[in-house]
Structures are given as C-alpha cells and as structure tokens.
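# Summary of the model geometry
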Amino acid sequence: MDIAALAARNPDHWARAACIRTLTLDAVAAANSGHSGMPMGMADVATVLFDKHLSFDAADPSWPNRDRFILSAGHGSMLIYSLLYLTGYEAMTLDQIKNFRQLGSITAGHPENFLVDGVETTTGPLGQGIANAVGFAMAEESLRARWGKKIIDHYTYCIAGDGCLMEGISQEAIALAGRQELSRLIVLWDDNGITIDGKVALADITDQKARFAASGWDVFECDGHDPEDIDRALTEAKASKRPAMIACKTHIAIGSSAQDTAKGHGALTDPKVVADTKKAYGWDHGAFEIPADLKSWWEAVGKKGAEARAEWQERFDALSDGKKADFTRAFAGEMPKKLSAAIKAHKKKLSEDKPKVATRKASQMALEVINGVVPETLGGSADLTGSNLTDTDGLGTFGPEDRKGRHIHYGIREHAMAAAMNGMALHGGVKPYGGTFFTFTDYARPSMRLSALMGISPVYVMTHDSIGVGEDGPTHQPVEHLAMLRATPNMQVFRPADAVETAEAWELALTSSKSPSTLALSRQGLPTVRVEHKTKNLTEQGAYVLADAEGKRQAILLATGSEVSIAMEARELLQAEGIGTRVVSMPCWELFEQQDESYRKRVLPGGPVRVAVEAGVSFGWERWLLGERGKNGKAGFVGMDSFGASAPAEALYEHFGITAEAVAAKVKELLG
C-alpha cells in the first residue's frame, strides 16, 4: 500500500488522523503493552465521524441529547483516549495519555465508563459493546416517544471488530436490533480481516454483510481510508429507516511493517518500528507531540456541538417545571417520592391479606404498584413473560409499533437482554429490568458481571430459583447460582421469603444507583411470614430476626427465600421440645455485611448453635455459620450438595432432606 499517495490525496485529513495514530504508537510503546493496530486502522473513520457526524460537546460530556459513541472493540482503547484528548475533554490530559495502562491513570487498558467522561460504557469483552449499543438505541427510541424529538433525538454509533462479530452475543444483539428497527443505530465494522491468531479466514468464513442484512439491517460499505467515501456511507446510513451496518475496509496497523498481520493487532513497541511508521506517515514530531494547529483543529471539533447543546437547553428550559424536574430526576437515577408511600401501602395490605403466592407472582404484584408510579421503568423477558411475570396491566409492548410501550420481548436471548439493559441504564432516563429463569444466569452472566463492574443498576428478575422448579429437572434447577452471584463484587442478591420481602427488595433494587440487583424468586407458592406490618424496610438491613426464641435461646436458624417458612416450621418443632429457637431471615447477604458490628451482633450473637437452610449449595455460608461469633462444631447446613432431579417440588424437598424435620434434627444433633 502506497502510504505517501494515500496521504497526498487528502493531506489535511491525513494529518488529523495521524494525530490518533501517533498518539497510539507513543502510548503503547511507553506502556510496553496494548493494541496499536485497530486505532491506527480506524483513525480515518473516527476522524470523519467526529468531525462531520457525531453531535457532542466536549465541555458537557453528560448532555442528555448527545450522540453516543461506543467502542465495542475496546482493546483499541487508545482510539477513544486519543479522540477525547484531542477534542478537549477536560480530564483527558496529555499526562493521562502518557500514563496509558498505569496504576491510577484513567487510561486503563480497556475503556472504563466510571473512570473517563466520554467513555459511555466499559468494553473489552468482545461483543458486549455492540450489544450495549442496542440498549442505548432502544432507550433513545423509548425516550424520544415519551419526551418528543425536541428533547431526545440522537444517534448511537458503535465501532466493532471481527472479534465482536464472532462472539455469540453479537447475533443475539443484531437480531434484536433488526426486529426493533432501531433506525438511530449505526455500527461501523472494522473489516481488517485479522485476529490475534492470524487471518479471520482461519476460523470464520461468515459473510457478515449478508448476516446483518438477513437480520433486518441496512448494509453499506466504504473504503475505511477514504474520508469522502466514509462520509458518504455515514450520510446514507443516517438516512436509513433500519439499523445500519457500514463495512469499513481497513488495514490494521496501517503504514507499519506489521500492517495486515496478526502482529499488528497487538503492541508495536519496537523503537525502530515506531520510528519507521511515523516516517511513513510523514510525521516528524516528537513523542506525544501534537502540533498546535492540529490540536486547535481537533479542539474546534470538540466545540462544534456547543451550539446544538445550547439550542437544546433552550427547548428544555421551555418545558414546564414539573416536566423538567421529572426528566432531571430520571436521568439522575432517582425514584419518584411517591414510590416509598406506595410500597408501604402495598406491604400493609400484604401483611393483612397474608397471600400464599410464589415470589415471582409477588414480584408482579409489586410491579403493578411500581409501574404505576415510576414512568421510566422499561421491563422485559427472554421469552418467559408468562413465567417471569414481568409484564403488568397497561404497560404495553415496546416495539416499532408502539415506542411508548414499556415491556420488551427479548426473545430467547438472555445474554443480549442483559447487555442491552446495561446500555439502557448507561444511557439514562430509563430504569431497565428483565427476566429469565435463574439457572439461565449462566447465559447472562458476562453482562451481569459488567453491570457490577460499571456500578450501574439494572434489575435482574430471576425466577424458578431452586429445586422448587420441580419436574423440569436438574438442567433448570439452580443450585450453585446463588453462590456464584454472591461472589460477584457489587452485586446485590435478593432472595425474598414472601410477598412482603419481595416488595421491599424491589424498592431497594430501584433506589440503588451504583449496584445491580438480582431477585431470585420462587416458582412455588410461599406463605406470608411477615404477618405484622412494619413501615420500615427490614430487607434493607440484609438480615433480621423474624421470630425470636421463647425461653432460653439455644439455636439460631438462618434461611433465605422459600426455606424461611421451613425454618419457621422447624422452630415450632423445636420450641415444642423446649428448645428456644430464633429464626433469622437473610434476604440479602450483601446488605447485611454493610451493617455495623453492633447490629450484626444483635442478630447473630455468640452462644447458640446455628443451622442454615437454603435449597442451594453451602458455599459461602461459612461466613455466617463459623464467622460472626459462630463456632466449628456448633454449626450445620441443610441444603444441596448435588444437582437436583426431576419430580414434583414437594417430593424433591423430601428427597434431598430440606424439611423442617431435618432442620430440627440437625439442631438437636449439634446440641448433643
């Protein structure tokens, strides 16, 4: 490839794109690690996108109506870091570029939304970004329908590579986007034909353009190094009535000796390679040096959107005070003040009526209340609406036919559902929740982990939470999943015992702003155990004394979810024999851990024997059985140590020994 001829055709553009390329070379070389090739290859596309199409204001990174730019190929993070520095984002200084991948810098190896203004989402696990982008675009459609085009009307742009498109989540995401006709979503495919192992053809012969077209997208192509052709393709894509994919034919690590090779994917750190590449670019400036005229041009690009933002502000200011307050509240992730009163009234009725319902049904009952007072909820299910019970009366179905609908049919796409919910939460203005069977957290897990990592708060409605699933058998009976999610930092795992705790868990999940929540909900009906109404949200404490010992306290039973009622039955058996027994309901371990020592000591004092009962594996329970003043030899567990089986739920609980009688027997065994 004749780099000199390429530069000569568009010298001004070439110099501007070279700023990205040379900053990438210098930063990766300084760090002695990173990925040089993608930013070098996609610099031309990014330059045209930011200059001619992306609506943003570097001085106001949180402007609600900005276009969103998502780098799904997050390994190429120096692309976005260079763009943020060049266009004048305040926090992205040259020192941060120089400290690429170093401890304490905001320029992490992969872009992290919580470190950097202008990074919309954390990417790196390939395919997550393109699936997030679908969620961003869905949020935009929903909000545009609610607030009108004068307030919300913008595009979501996503750069994705071959790795993103090979990951299975990408097919889930693009199929969902095609069905939803997300016309403001544009994916720019970095079609360079190279992965870490070598040429893409080693592992994949998919016709990506045909694949997108078959999924309901409009497909465009461009020479990824010709600014006029890139501009043409972007202009045509923006006019599309469907989601658009632009196949950008590029050369990875363009201009270097590693161009079009697997080596070009990774870190180009050899001083000679760096020097020779800069020479090929016609770049004779020092390391990390951007000439003043080029930096000024880029900073002007960063200011182009200021006028559009100011015009938007005028339109926003013209709204009524109530609408402005509601919009601001929703984008801040805050709940309406009337939610608390609505939940309290709902709890009071539940304590009076004492329904015996599955907690999945209790969740729907809570949502009937919530969706009536929280207009920004955007729910859905992965083809299990009738089982997860995520829909409520009058919610409507979100889709091209009704953008004001608030329940989404995700299809059998748990992974894309979770990733799209992340995109919605990051976009702001909506509160996403979505449901599937608890065992299928296995499919959604990578995106759920990223929810926790990013510090955002979608709500995962995971029903059919134990062997209580019954006849569907061990494939559908989660036993290790509670432990798996509890092991995830910053994940709130709620396993409510009855309808009251379920309502409390929903209130906490909705008011959480920095942690995702998983609601593990039963298939089978459970009795109301909270029969005395308390205005206080007891679940907020993570664990609390549900029933105390009568007489001398000799045993403490700890339980969650469907096993709390079993613990209460065991207490009756033990009390009948004069064994004073306390029952502690533990709907959320994470919140209990956050309580001060004095409260935890009141709930779990030293002395009595402790038995935990939960229809899952024991992993993690040692914290509460042996720690917190517990002792070896005075603690036991009643639960699962294997996978389940296919049978009615009642038979399975008996078969696996998760019964009140077994719990009472364990207590007496420990008491000697």
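So, a few notes on the structure that sits alongside this text.

Parameters at a glance
- Chains are numbered independently. Their residues run from 1 in the order of the written sequence.
- Side-chain atom pairs in this predicted model are given and counted only at pLDDT of 80 or more, local residue features only at pLDDT of at least 70, and totals for whole chains, interfaces and linings cover all residues.
- Side-chain figures throughout are based on the complete set of non-hydrogen atoms in the structure, without hydrogens or water.
- In this scheme Phe, Tyr and Trp rings, the latter by its six-membered ring, pair at centre separations within 6.5 Å, and the angle between planes marks the pair as stacked below 30 degrees, edge-to-face above 60, and tilted otherwise.
- Each helix is a run of DSSP H or I of at least 4 residues and each strand a run of E of at least 2, with the numbering of both proceeding from the N terminus.
- Criterion for a charge above a ring: Arg CZ or Lys NZ at most 6 Å from the ring centre, at most 35 degrees from the ring normal.
- Here's how the labels work: a residue is buried when its accessible area is under 20% of the maximum for its type, exposed when over 50%, partly exposed in between, all with a 1.4 Å probe on protein chains only.
- Any pair of nitrogen or oxygen atoms within 3.5 Å is treated as a polar contact; in protein, a donor-acceptor pairing is required on top of that, and neighbouring residues in sequence qualify only through side-chain atoms on both sides.
- What makes two strands pair is DSSP finding at least two bridges between them.
- Only the stretch in contact is used when a helix axis is fitted, and all axes are lines through C-alpha atoms; the angle between N-to-C directions ranges over 0 to 180 degrees.
- Two residues form a contact once any of their heavy atoms are found within 4.5 Å.

Turning our attention to the packing of aromatic side chains. Here the structure, examined in full by the defined rule, presents 21 aromatic pairs. With 6.4 Å between their ring centres and 40 degrees between their planes, Trp 621 and Phe 637 make a pair best called tilted. In this pair, Trp 621 sits in the loop between strand E19 (609–613) and helix H25 (622–625) while Phe 637 sits in strand E20 (residues 635–638), placing the two residues 16 residues apart along the sequence. Three or more aromatic residues link up through ring pairs in this structure, and these residues are Trp 589, Phe 592, Tyr 599, Trp 621, Trp 624 and Phe 637. One residue, Arg 184, lies across the ring of Tyr 155, its end atom 5.6 Å from the ring centre. The cationic tip of Arg 486 hangs over the ring face of Trp 589; the distance from NZ or CZ to the ring centre is 3.8 Å.

Another aspect to go through is the environment of Thr 475. Take Thr 475: it is sitting in the loop between strand E12 (459–463) and helix H20 (481–486). With relative accessibility at 57%, the residue Thr 475 sits in the exposed group. Separated by 61 residues in the primary sequence, Thr 475 and Glu 414 have C-alpha atoms spaced 16 Å apart. Of the polar contacts made by the side chain of Thr 475, one reaches the side chain of His 476; its length is 2.8 Å.

Time to look at the sheet that holds strand E9 (residues 377–381). Strand order in the open sheet made by the six strands is E10-E9-E11-E12-E14-E13, with parallel pairing throughout. Every other strand in the sheet has two partners, leaving strand E10 (407–409) and strand E13 (492–494) as the edge strands with one partner each. Pairwise comparison of adjacent strand axes, ignoring direction, gives a mean angle of 20 degrees for this sheet. One ladder, built from three bridges, connects E13 with strand E14 (residues 517–521); its direction is parallel. Following the sheet pairing, Val 493 is matched in E14 by Thr 518. Packed on one face of the sheet, helix H16 (residues 359–373) meets E9, strand E11 (431–437), E12 and E14 and runs near 130 degrees to E14. Where helix H18 (residues 414–427) meets the sheet, its contacts fall on E9, E10, E11 and E12, and the angle it forms with E11 comes to roughly 165 degrees.

Any functional reading would require information beyond the geometric quantities listed.
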